[in-house]
Amino acid sequence: MRISSEQLFSQGIDAILVQQAKLNETQEQLASGYRILTPSDDPSASTQLIKLSALIASNNQYDRNIVFAQNQIGLAESKLKSAGDIIQRVRELVVQANSAVHDNSSRGAIAKEIENNLSAMLDVANSKDGSGEYIFSGFNATTKPFVKDGDGYQYKGDQGERFLQVSEDIQVQVRDSGTEIFQKIREGDGRLKLVTDPSNQGNFFVNLESNVDSIVENYVVSFPEGPGLQRYEVKNELGEVVASDVFSGNNEISFNEINLTITGTPVAGDQFEVQPAGYRDVFSTLQNLVDQLDEPIDTKPRQAALTTYLGQALNEMDEALDKFLGARGVMGNRLQQLDVRANENIDAKIRYERSISELKDLDYAEAVSRLNMQMTGLQAAQQSYVKVQGLSLFNFLR
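Right, let's walk through the structure included here. None of these values were measured; they are calculated from a predicted model.

Another point: the sheet that holds strand β11 (residues 252-255). Strands pair in a sheet through their backbones, by hydrogen bonds, and they do so in one of two ways: parallel or antiparallel. Spatially, three strands are ordered β7-β12-β11 in an open sheet, and the strand pairing comes out antiparallel. Only two strands of the sheet have a single partner each, and these edge strands are β7 (203-210) and β11. Across the sheet, the mean angle from the axis of one strand to that of its neighbour is 20 degrees, orientation sign disregarded. The pairing of β7 with strand β12 (residues 258-265) spans eight bridges and is classified as antiparallel. Considered in β12, the bridge of Ser210 is made with Ile258.

The structure is reproduced here in structure tokens:
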């Protein structure tokens, strides 16, 4: 078998280059601290690293979403706290106004303060976040949600409820529709409400109490004319008499799990209605309070009707306060869920980074041992090449 000098030289050079490439790769690993420098170094591990890197990127985005959600929900919760404080102050003013010591002037002053609180409530409902979006306007975040329209207040937002993805399988609501919070507030005591007849001539006021067993429908309570002792009569919406008896003054009338306490003296022909409670926005409730207190009182029947109205207004303030507290409770639960999710994301990120380290990080002891072996191999290849150079036929002939 004949071996040319060119072949000998080429094999020697190739051996040196191979040893140099291996040595260079090991040096790069030691410099970077990573075992895998290119996907070809370990295709299977490289595939896992790509997946783990994608999971970490998603996890980082979820963390950013959690921070944004916490800011949004925290802002809304603080605004609802302010709304509750406003209602609490209005409730104190209603209790203050519901006293015989006040005249038209002092009631007007109370009405003015309630009107100021109404403006403050509108400011709360029309709050913006740091980016200038309305927080209670649903998806329609660039539109002012609540505006005064004639004698009432209109909601200009939509019913959208914005959610954010905070993990692979969990979304958290970060925006609420203003109509659910500020408009769907029950009238009366939440089940029934009183409607007095403005033509009444008697000097009496009514307090209503109901419970979950009350039969909710329309009733008319009247004091019909007739001979003998004064009587009261309660008819349901079918015109059937459900209660009737002698009225002796300061009576408590009970029917269908509904209690009415009548204080004062009605006259024959007076009446009032008990109706199912509907929904009313908090702004209209406050506006009605202002209107009622601004109206001059010049008769005892009118004073009694105002007393009945203010007593019912207290119930409506409680309904509004319960609505705000309930919404704050829901938001508090969301914030708690976000805290749990943030901690879980931290744990997941630690697991992902540990897995990446196990796949990618270099074993320095093994790499240093390999480097020494490769340096020895390179030196042997170089020395071997020097020896092979001396075997040239030309050197022999010379």
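Next up on the list: the packing of aromatic side chains. Summed over all chains, the structure comprises 11 aromatic pairs. With 6.0 Å between their ring centres and 20 degrees between their planes, Phe182 and Phe283 make a pair best called stacked. Separated by 101 residues along the polypeptide, Phe182 in helix α4 (residues 178-183) and Phe283 in helix α5 (residues 282-294) bring together distant segments of the chain. On the basis of relative accessible area, Phe182 is assigned to the buried category, the value being 0%. On the basis of relative accessible area, Phe283 is assigned to the buried category, the value being 0%. Measuring from ring centre to ring centre gives 6.3 Å for Phe204 and Phe272, while their planes differ by 45 degrees; the resulting arrangement is tilted. With a gap of 68 residues between them, Phe204 in strand β7 and Phe272 in strand β13 (residues 271-276) connect regions that are remote in the sequence. For the pair shown, Phe204 and Phe272 are each scored as buried. Taken together, the aromatic side chains of Phe136, Phe146, Tyr153, Tyr155, Phe182, Phe283 and Phe324 make up a single cluster linked through ring pairs.

Our next topic: the environment of Leu286. In this structure, Leu286 sits in helix α5. Overall, Leu286 belongs to the buried group, its relative accessible area being 0%. Taking C-alpha positions, Leu286 is 9.4 Å from Ala111, a pair spaced 175 residues apart along the chain.

Compared with the 18 Å implied by 1.5 Å per residue over 13 residues, the 18 Å span of α5 between its first and last C-alpha is a close match. Within the sequence span of α5, burial applies to Val282, Phe283, Ser284, Thr285, Leu286, Gln287, Leu289, Val290 and Leu293. N-cap assignment for α5: the residue whose side-chain oxygen lies 3.1 Å from the backbone N of Phe283 is Asp281.

Where strand β9 (residues 231-236) and strand β10 (residues 241-246) come together, five bridges link them in antiparallel fashion. Among the inter-strand pairings, Tyr232 is bridged to a residue of β10, identified as Asp245. Between β9 and β10, which pair antiparallel and follow one another directly, the connecting turn spans four residues, one of which, Gly239, has a positive phi of 85 degrees.

In this section: the nonpolar core. With 52 residues, the main nonpolar core has Ile87, Met121, Phe182, Phe283, Leu289 and Phe324 as its most contacted residues. Listing elements by their share of this core, those giving two or more residues are α2 (43-97), α3 (104-125), β2 (152-155), α4, α5 and α6 (300-360). With 13 residues, α6 is the largest single contributor of residues to this core. The residues touching Phe283, leaving out its near neighbours within four places in the chain, are Leu118, Met121, Leu122, Ala125, Phe146, Tyr153 and Phe182. Counting residues in each nonpolar core, the second largest holds 19 residues, with Leu194, Phe204, Tyr219 and Val234 among its members.

Conventions we followed
- Residues numbered from 1 in each chain as written.
- Predicted model: local features only at pLDDT ≥ 70, side-chain atom pairs only at ≥ 80, totals over all residues.
- Heavy atoms only, no water.
- Pairing = 2+ DSSP bridges.
- Helix = DSSP H or I, 4+ residues; strand = E, 2+ residues; numbered from the N terminus.
- Axes fitted to C-alpha atoms, helices over the stretch in contact; angles between N-to-C directions.
- Phe/Tyr/Trp six-rings, centres within 6.5 Å; stacked < 30°, edge-to-face > 60°.
- Buried < 20%, exposed > 50% of the residue type's maximum accessible area, 1.4 Å probe, protein only.
- Expected span 1.5 Å × (residues − 1).
- Polar contact = N/O pair within 3.5 Å; in protein donor to acceptor, adjacent residues only side chain to side chain.
- Core = buried A, V, L, I, M, F, W, Y, C linked by side-chain atoms within 4.5 Å.
- Contact = heavy atoms within 4.5 Å.

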